[in-house]
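# Secondary and tertiary structure notes
Listed below, chain by chain, are the residues.
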Amino acid sequence: MTSSKNMKIGILTAGGDCPGLNAAIRGIGKTAALKYGMEVYGFSSGYLGLVNNEYKKLSVRDMSGILTVGGTILGTSREKPFKKNDYNKYIRSKPEQIKENVEKLGLDCVVCIGGNGTMKTAWKLQQAGINVIGVPKTIDNDIWGTDRTFGFDSAVNIATEAIDRIHTTANSHKRIMVVEVMGHDAGWLTLFSGVAGGGDVILIPEIPYERAVLKEYILKRYEEGKPYSIVVVAEGINVPPKKNGEKRNKSAGNYIAEIIQKDTGLETRPTILGYIQRGGSPSPADRILASKLGSYTAQMISEGKFGHMAASKNNKVVAVPLKEVAGKLKVVPADLPLINQARALDTCFGARL
Ligand code: F6P
């Protein structure tokens, strides 16, 4: 193996953006350059930059002043180079193009910062003979093998603040307010922001809800003199498919608001938080997590620990084999103590016990 001093590394950010990406780029790049004497290259727009050979050499200066900045200085995309229908039989396949570009530049490792899809692709690249290391990021916190992903804490803060603010309108107008939170097929963000924001009802994909339970719970609150309720809904909960001619927006939040108003007769309004949850400066906790994982990633490269993901377990940084991560989803376990603790506070999860 080459000594780390002569190593060249590439970094890319793929999938949806989230707070902390730049902190991670800085953590990896600065440690790689300053501690290990490596050359650092940044690829633009996720895996697209690897396919099209679009990169820039990053100096330590380029990686300064970005710790607190949201988004990603490298850009991102949802490009999936192994997707079969992207192949064209008259030109080289995208994975072949990637291999050629990596070899031409002489990269010893490509660091792939991203979510589940990114880790899956990174593992395929490793199997194709390209050294990779994965770094987990997402506001969804749904990556297997790590306790936390950076982006999650910032998004919990944003969604909680939104729920706090929605309380004032709910109280003033005596309305039922439904707040739809992101999270893809996992309920982490909804559960954490829902508990932190004091949501009366929290609906997550992992706990199937019953329409009748929602109606009973909200009417019971009304009869007990609580004329408003906050319903925090994960975007990934099951909603019935649209029927022919039905005009309903397929969003979970809109659907839940519609059925609550219909079933209870109480004025109900939906708010879809959307991309605001992914935007802006990372929270201090996310800055720290991204910096820790970034710095550890450079160490992993220097030790030749390829084909692994830098992860956080019990507050320690560890290397987890990408083979174990790829293709899995970390959802909220039904026995998570927080769920029962919230139930003890009379929070409704839409299901009968
Ligand atoms: O994975 C992060 C996430 O923000 C999810 O919570 C959401 O479902 C998805 O990305 C939306 O991403 P986009 O619209 O950028 O494809």
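Residues numbered from 1 in each chain as written. Predicted model: local features only at pLDDT ≥ 70, side-chain atom pairs only at ≥ 80, totals over all residues. Heavy atoms only, no water.

The test is simple: UniProt positions are given in the numbering used here, feature names are shortened, and annotations may be inferred rather than shown by experiment.
An unreviewed UniProt entry annotates the protein as ATP-dependent 6-phosphofructokinase originating from Candidatus Thalassospirochaeta sargassi. Quoted straight from UniProt, the Subcellular location (unreviewed entry) entry for the protein says "Cytoplasm". Annotation of the protein in UniProt includes, under Subunit (unreviewed entry), the sentence "Homodimer or homotetramer."

## Some remarks on the overall build of the protein
We apply this condition: A helix here means a DSSP run of H or I that spans at least four residues, while a strand means a run of E at least two residues long, and both kinds are numbered starting from the N terminus. Atoms counted for the radius of gyration: C-alpha only. Globule rule: 2.2 Å times residue count to the power 0.38. In this scheme, a residue with accessible area under 20% of its type's maximum is buried, one over 50% is exposed, and one in between is partly exposed, where area comes from a 1.4 Å probe on protein chains only. Note on contacts: a residue pair is in contact if any heavy atoms of the two residues lie within 4.5 Å. Only the protein chains shown count as cover for residues, and the accessible areas themselves come from Shrake-Rupley with a 1.4 Å probe. In this charge count, Lys and Arg are treated as positive and Asp and Glu as negative; neither His nor the chain ends contribute. Think of each charge as sitting on NZ of Lys, CZ of Arg, CG of Asp or CD of Glu.
When helices and strands are counted, the protein shows 11 helices and 11 strands. Taking 20 Å as the expected radius of gyration for a compact globule of 353 residues, we find that the protein reaches 22 Å, a close match to that expectation. Overall, the protein is about 70 × 45 × 30 Å in size when its C-alpha atoms are taken along their principal axes. Here the protein holds 353 residues, and the buried ones make up 52% of them. Sequence separation of 24 or more characterises 72% of the internal contacts of the protein that already satisfy a separation of 6 or more. As displayed, the protein offers around 15,800 Å² of accessible surface, 50% of which is attributable to carbon and sulfur atoms. Computed over 47 positive and 34 negative side-chain charges, the separation of the two mean positions in the protein equals 4 Å.

## Let's talk about the nonpolar core
We apply this condition: To define a nonpolar core, start from buried Ala, Val, Leu, Ile, Met, Phe, Trp, Tyr and Cys residues and group those joined through side-chain atoms within 4.5 Å. Domain boundaries shown here were taken from an automatic or database domain assignment.
In this structure, Ile9, Ile11, Ile113, Phe150 and Ile301 are the most contacted members of the largest nonpolar core, which totals 61 residues. If you tally residues by element for this core, the top one is helix H5 (residues 152-173), at eight residues. The residues that make up this core include at least three from each of domain 1 (4-150 + 282-325) and domain 2 (154-278). With residues near it in sequence (within four places) discarded, isoleucine 9 still touches Ile28, Ala32, Met38, Glu39, Val40, Tyr41, Leu107, Cys109 and Ile301. Core analysis: the second largest hydrophobic core is formed by 27 residues, Leu12, Met119, Trp123 and Met309 among them.

## Side note on the sheet that holds strand S7 (residues 201-203)
Using the following cut-off: A pair of strands is considered paired only if DSSP assigns at least 2 bridges between the two. Axis definition: a line fitted to C-alpha atoms, over the contacting stretch in the case of helices. Angles run 0 to 180 degrees between N-to-C directions.
Pairing within the open sheet is parallel, and its four strands lie in the order S7-S8-S6-S9. The strands lining the two open edges of the sheet, one partner per strand, are S7 and strand S9 (268-272). Each strand axis lies, on average, 15 degrees off the axis of its neighbour in the sheet, ignoring direction. Set on the sheet, helix H6 (residues 188-196) makes contact with strand S6 (176-181), S7 and strand S8 (229-234); between it and S7 the angle comes to about 170 degrees.

## Brief notes about the pairing of strand S10 (residues 308-313)
Where strand S5 (residues 132-136) meets S10, two bridges bridge the pair, whose relative direction is parallel. Each residue of the ladder has a partner; that of glycine 134, found in S10, is methionine 309. Linkage of S10 to strand S11 (residues 316-321), two consecutive antiparallel strands, is achieved through a turn of two residues, within which asparagine 314 is found at a positive phi near 50 degrees.

## A word on a positive patch on the surface
Stated formally: Put simply, a patch holds well-exposed residues, over 30% relative accessible area, that have no salt bridge, with like charges counted together within 9 Å and Val, Leu, Ile, Met, Phe, Trp or Tyr side chains within 5 Å. By definition here, a salt bridge exists when the distance from a side-chain nitrogen of Lys or Arg to a carboxyl oxygen of Asp or Glu is within 4 Å.
Residues Arg78, Lys80, Lys83, Lys84, Lys120 and Lys124 make up a contiguous surface patch of positive charge. By the secondary structure assignment, lysine 83 is in the loop between strand S3 (55-57) and helix H3 (94-105). Of the residues examined, lysine 83 reaches a relative accessible area of 46% and is grouped as partly exposed.

## Brief notes about the pattern of salt bridges
According to the stated counting rule, one finds 15 salt bridges in the structure shown. Between glutamate 161 and arginine 165 there is a salt bridge, with its nearest N and O atoms 2.6 Å apart. Of this pair, glutamate 161 and arginine 165 both sit in helix H5, separated by four residues, roughly a single helical turn. For glutamate 161, a relative accessible area of 40% corresponds to the partly exposed category.

## Let's talk about the environment of leucine 189
Position of leucine 189 among the secondary structure elements: in helix H6. The exposure class assigned to leucine 189 is buried, which follows from its relative accessible area of 0%. Spatially, the C-alpha atoms of leucine 189 and alanine 159 are 8.2 Å apart, while their sequence positions differ by 30 residues.

## Digging into the site of the ligand
We apply this condition: Each residue is tested against the molecule or strand, and it is near if at least one of its non-hydrogen atoms lies within 4 Å. Counting of polar contacts relies on pairs of N or O atoms within 3.5 Å, with two restrictions inside protein: one atom must be capable of donating a hydrogen and the other of accepting it, and residues adjacent in sequence are counted only when both atoms are side-chain atoms. Any residue outside Ala, Val, Leu, Ile, Met, Phe, Trp, Tyr, Cys, Pro, Asp, Glu, Lys and Arg is labelled polar, Gly included; the first ten of those are nonpolar and the last four are charged.
Around the ligand, the surrounding shell consists of Arg78, Thr138, Ile139, Asp140, Met182, Gly183, His184, Glu235, Tyr275 and Arg278. For the ligand, an oxygen atom lies 3.1 Å from a polar atom in the backbone of glycine 183. Here arginine 278 contributes a side-chain N or O atom positioned 2.9 Å from an oxygen atom of the ligand. In isolation the ligand offers 400 Å² of accessible surface; the protein chains occlude 74% of this area. The residue inventory of the shell around the ligand, partitioned by class, reads three nonpolar, three polar and four charged. In this structure, the shell around the ligand is formed jointly by two domains, domain 1 (4-150 + 282-325) and domain 2 (154-278), each of which donates at least three residues.

## Points about the packing of aromatic side chains
The criterion, for reference: Stacked, tilted and edge-to-face pairs are distinguished by plane angle, under 30 degrees for stacked and over 60 for edge-to-face with tilted covering the rest, among Phe, Tyr and Trp rings (Trp via its six-membered ring) whose centres lie within 6.5 Å. Each ring is checked for a lysine NZ or an arginine CZ that lies within 6 Å of its centre and within 35 degrees of its normal; such an atom marks a charge sitting over the ring.
One pass over the full model with this rule turns up four aromatic pairs. With 5.3 Å between their ring centres and 70 degrees between their planes, phenylalanine 152 and phenylalanine 192 make a pair best called edge-to-face. One end of the pair, phenylalanine 152, is in helix H5; the other, phenylalanine 192, is in helix H6, with 40 residues separating them in the sequence. We classify phenylalanine 192 as partly exposed; its relative accessible area is 22%. An aromatic cluster is built from Tyr41, Phe43 and Tyr55, whose rings are joined through pairwise contacts. Positioned over the ring face of tryptophan 144 is lysine 313, at 6.0 Å from the centre of the ring.

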